[in-house]
Each structure stands twice: as C-alpha cells, then as structure tokens.
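Spelled out from the first residue to the last, the chains are:
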Amino acid sequence: MLSPKISQALNRQILLEAESSQFYLSMASWAETQGLNGVAAFLYEHSDEERMHMLKLIKFVNERGGHGIVPALKQPPTNYKSVKAVFEDILKHEIKVTAEINGLVDITLKEKDYTTHNFLQWYVSEQIEEEALARLIVDKLKLIGDDKSGLYFFDRDMQAMTGKSAKEKENTNQN
Ligand code: FEO
C-alpha cells in the first residue's frame, strides 16, 4: 500500500510525464509544418514514449492501492525559433525531469518504500539515456549552425533513428 506522501509524489510525476508528452507533441506538429518530417517523426515518437512513462506510473499507483490521477494540461508552446531551440528546450526539460525523479527516489528512501524505490530505477536509467540523447542532438545542431544542407541531412538522420529506437524499446519491454 502506498503512503499518502508517495502517492501524491507519484501523481505529481504522472503530471510531469503527461506534460512532457504534450510538449513533444506540440514540437512535432511545429516541425511537420516546417517540412522537417524526420524531426517530426522523432518527436511524435518521443511524445508516445512520454505517454508510456505516464501510463506505467498510473498502473503502478493503482496496483499498489492508490489512485493514478489523469491531470489537466496547460497549452504547450506552439511556435519555435529553430530546430536548435526545440532541442535546447528538450534538454532543459529532461534535466528538470531528472531532478524530479531524483527527488522522488529520495522521498521513497525517507519513507522506506523499497518497492517504489525499485520501480523508479527504470526511470533513473531512462533519464540518463534521454539526457544523453538530447545533449548529443544539441551538439550536432551546434555544428550544423545555419547550414541548410546540414539540416537536410540531420532531418534524414532523425527519421532513421525513429523506427529503430521504437524497436529497441519493444525488445527491452519483452525481456
Ligand atoms: Fe519521461 Fe523524458 O522523461
């Protein structure tokens, strides 16, 4: 059974994951309107992954006698200055999410809830990957700068990364 404190903290994380999903969905839609179909595909997929992070939390809370609350969401930004600005925002956002996950892990230790502590380790590893990927993409975009053909190839690379990462995730989930 979850303590009210843990339940509340997990519900806050549900909100954050839902917000992340909306945030990336809005970025994907913007990228699509810019003709950046590879970037859009990557971001649509990323949005789905965040929804999966949210669902996993809702189910965990419910399984342990709590109630996973589906939250109301704010309208995310609709326009972006550049692809680089999009990925800089993603990196900032993921750094914030990592800090929140770490705070959550800390609460489970204080509350001696080792089951939730164990459950959260998946999120700890996921955040390391997400931050590293966002950092890598921002670095690539810094190299490309204003080079239009560089952006064209970047968009193709993002398209190529998209299906692969979904398949890898599927395999991980099956193991
Ligand atoms: Fe669910 Fe991008 O953290």
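Scroll up to find the structure this text is about.
This report concerns the structure included in the present document. From a predicted model like this one, the values you see are computed outputs, not experimental measurements.

Here is what the cut-offs are and how they apply
Residues numbered from 1 in each chain as written. Predicted model: local features only at pLDDT ≥ 70, side-chain atom pairs only at ≥ 80, totals over all residues. Heavy atoms only, no water. Axes fitted to C-alpha atoms, helices over the stretch in contact; angles between N-to-C directions. Helix = DSSP H or I, 4+ residues; strand = E, 2+ residues; numbered from the N terminus. Parallel < 35°, antiparallel > 145°, perpendicular 65-115°, else oblique. Left-handed = near helix turned anticlockwise from the far one by under 90°. Contact = heavy atoms within 4.5 Å. Nonpolar A, V, L, I, M, F, W, Y, C, P; charged D, E, K, R; others polar. Salt bridge = Lys/Arg side-chain N within 4 Å of Asp/Glu carboxyl O. Buried < 20%, exposed > 50% of the residue type's maximum accessible area, 1.4 Å probe, protein only. Core = buried A, V, L, I, M, F, W, Y, C linked by side-chain atoms within 4.5 Å. Phe/Tyr/Trp six-rings, centres within 6.5 Å; stacked < 30°, edge-to-face > 60°.

## Side note on the packing of helix H2 (residues 37–63) against helix H4 (residues 114–144)
Angle between the axes and distance between the axes are the two parameters that describe a pair of packed helices. Orientation of H2 relative to H4, taken along the N-to-C sense of each, is 170°, at an axis distance of 12 Å. With respect to H4, the axis of H2 lies roughly antiparallel. The two elements H2 and H4 cross, and the hand of that crossing is left-handed. Only Thr 115, Thr 116, Phe 119, Trp 122, Tyr 123, Glu 126, Glu 130, Leu 133 and Ile 137 of H4 make contact with H2, whose side of the interface consists of Phe 42, His 46, Glu 49, Glu 50, Met 52, His 53, Lys 56, Leu 57 and Phe 60. Residue composition of the contact of H2 with H4, grouped by class: nine nonpolar, four polar and five charged.

## What about the pattern of salt bridges?
Counting across every chain of the model gives seven salt bridges. Lys 84 is the salt-bridge partner of Glu 88, the closest N and O atoms lying 3.5 Å from each other. Here the residue Glu 88 and the residue Lys 84 both occupy positions in helix H3 (residues 83–110), the gap between them amounting to four residues, near one helical turn. Look at Glu 88 and you get partly exposed, because its relative accessible area is 30%. Using a relative accessible area of 33% as the deciding quantity, one classes Lys 84 as partly exposed. Ionic pairing is found between Lys 92 and Asp 89, a salt bridge with its closest N-O pair at 3.9 Å. Of this pair, Lys 92 and Asp 89 are both found in helix H3, three residues apart, which corresponds to roughly one turn of the helix. Overall, Lys 92 belongs to the exposed group, its relative accessible area being 58%. Relative accessible area serves as the criterion here: at 25%, Asp 89 is assigned to the partly exposed category.

## Focus: the nonpolar core
Looking at soluble globular proteins, one finds that nonpolar side chains tend to be buried together. Membership of the largest hydrophobic core comes to 24 residues, with the highest contact counts inside it found for Met 27, Val 39, Leu 43, Val 86, Phe 87, Ile 90 and Phe 154. Contributions of two or more residues to this core are made by helix H1 (4–33), H2, H3, H4 and helix H5 (148–174). Take this core: its biggest share by element is six residues, from H1. In contact with Phe 87, not counting residues within four places along its chain, are Val 39, Phe 42, Leu 43, Ile 137, Val 138, Leu 141, Phe 154 and Met 158. In this structure, Leu 2, Ala 18, Leu 57 and Leu 120 belong to the second largest nonpolar core, which totals 18 residues.

## Some thoughts on the packing of aromatic side chains
The relative placement of two aromatic rings is captured by the distance of their centres and the angle of their planes. Taken as a whole and assessed by the stated rule, the structure comprises eight aromatic pairs. Centre to centre, the rings of Phe 23 and Tyr 24 are 5.7 Å apart; their planes meet at 35°, and the pair counts as tilted. Note on Tyr 24: relative accessible area 0%, which makes it buried. Between the aromatic rings of Trp 122 and Tyr 123, the centroid separation amounts to 4.9 Å while the plane-to-plane angle is 80°, which identifies the pairing as edge-to-face. Its relative accessible area of 1% is what places Tyr 123 among the buried residues.

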